Amino acid sequence: EVQLVESGGDLVQAGGSLRLSCAASGFTFDNYVIGWFRQVPGKEREGVSCMKSDDYTYYSDSVKGRFTISIDNAKNTVYLQMNGLKSEDAGVYYCAARVGSARYETNWYCALYSYAMEYWGKGTLVNVSS
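Remember, predicted model here, so these are calculated numbers, not experimental data.

Conventions used here
Residues numbered from 1 in each chain as written. Predicted model: local features only at pLDDT ≥ 70, side-chain atom pairs only at ≥ 80, totals over all residues. Heavy atoms only, no water. Core = buried A, V, L, I, M, F, W, Y, C linked by side-chain atoms within 4.5 Å. Buried < 20%, exposed > 50% of the residue type's maximum accessible area, 1.4 Å probe, protein only. Helix = DSSP H or I, 4+ residues; strand = E, 2+ residues; numbered from the N terminus. Contact = heavy atoms within 4.5 Å. Phe/Tyr/Trp six-rings, centres within 6.5 Å; stacked < 30°, edge-to-face > 60°. Pairing = 2+ DSSP bridges. Axes fitted to C-alpha atoms, helices over the stretch in contact; angles between N-to-C directions. Arc of directions from axis to C-beta. Disulfide = S-S within 2.5 Å.

1. Considering the nonpolar core
Moving on, step 1. Formed by 27 residues in total, the largest nonpolar core has its most connected members in W36, L80, M82 and Y93.
Moving on, step 2. Top element by residues in this core is strand β3 (residues 18–25). It accounts for four residues.
Moving on, step 3. Each residue touching Y93, except ones within four places of it in the same chain, is listed here: E6, L20, W36, F37, R38, V48, F67, L80, M82, G123, T124 and V126.
Moving on, step 4. By size, the runner-up hydrophobic cluster in this structure holds nine residues, among which are F37, A96, Y109 and C110.

2. Here's the deal with the packing of aromatic side chains
Moving on, step 1. Within the structure shown, the criterion is met by eight aromatic pairs.
Moving on, step 2. Ring geometry for Y104 and W108: centres 4.7 Å apart, planes at 55 degrees, overall tilted. On the criterion of helical spacing, the pair formed by Y104 and W108 is a turn pair, its members being four residues apart in helix α1 (residues 104–111).
Moving on, step 3. Site record: aromatic cluster; members linked through ring pairs are F27, F29, Y32 and Y119.

3. A short note on the sheet that holds strand β8 (residues 77–82)
Moving on, step 1. What the four strands build is an open sheet, ordered β1-β3-β8-β7; its pairing is antiparallel. Two strands lie at the open edges of the sheet, namely β1 (3–7) and β7 (67–72), each paired on one side alone. This sheet shows a mean twist of 15 degrees between the axes of neighbouring strands, independent of strand direction.

4. A word on the pairing of strand β4 (residues 32–39)
Moving on, step 1. Taken across its eight residues, β4 has seven buried, putting it largely inside the fold.
Moving on, step 2. As paired elements, β4 and strand β9 (residues 91–99) share eight bridges and run antiparallel to each other. Among the inter-strand pairings, Y32 is bridged to a residue of β9, identified as V99.
Moving on, step 3. Here β4 pairs with strand β5 (residues 46–52) via six bridges, running antiparallel. Along β5, the bridge assignment pairs V33 with K52.
Moving on, step 4. The loop that links β4 with its antiparallel partner β5 comprises six residues; one of these, G42, has a positive phi angle of about 85 degrees.

5. A word on the pairing of β3
Moving on, step 1. Relative to β3, β1 runs antiparallel, the two being bridged by five bridges. Bridging from a neighbouring strand, L4 pairs with A24 of β3.
Moving on, step 2. In this sheet, β8 lies alongside β3 in antiparallel orientation, the contact comprising six bridges. When the sheet's bridge partners are listed, L18 is paired in β8 with M82.

6. Thoughts on α1
Moving on, step 1. Within α1, the full set of buried residues consists of E105, T106, Y109 and C110. Looking straight down α1, one finds that the buried residues subtend no more than 115 degrees of arc, so they occupy a single side.
Moving on, step 2. Buried positions along α1 lie against β4, β5, β6 (57–59) and β9.

7. Observations regarding the state of the cysteines
A disulfide bridge is the covalent bond that connects two cysteines by way of their sulfur atoms.
Moving on, step 1. This model, assessed by the stated rule, comprises two disulfides.
Moving on, step 2. Here C22 engages in a disulfide with C95; their sulfurs sit 2.0 Å apart. Here the S-S torsion is close to -75 degrees, and the disulfide linking C22 with C95 is therefore left-handed. Taken together, the positions of C22 in strand β3 and C95 in strand β9 put the pair 73 residues apart, joining distant regions of the chain. Take C22 and C95: they sit in the same class, and that class is buried.
Moving on, step 3. What pairs with C50 in a disulfide is C110, and their sulfur atoms sit 2.1 Å apart. Its S-S torsion of approximately 80 degrees makes the covalent link between C50 and C110 right-handed. Of this pair, C50 sits in strand β5 while C110 sits in helix α1; the two residues are 60 residues apart in sequence, bridging distant segments of the chain. When sorted by exposure, C50 lands in the same class as C110, which is buried.

Below, the structure written as structure tokens:
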């Protein structure tokens, strides 16, 4: 059974750093798009960062330069390193994945079509204090 389990959410001061983890089971990252989405209070769910199995990556404009997505294939785990956290980054972060063989699918699913993601974790809460 495919499962995605997020961890690493915490309360952090503005300007601080945090690393989120997504442990995947039941599949491998080959031919998959996997990434991070967040639900911020008062805003629509947005794609934060996604990666294709060929290491192609996408970042939303709001996090570009501050966040970094990476994959540890040996551990079947996806990470999101978040630096320079702002209050606007607070929310529930979800790990999601779906089959994707084309490079452009990474951008499409992350930026526009999150509803097409097939598998979702339960989320991990990130709070940012000032």
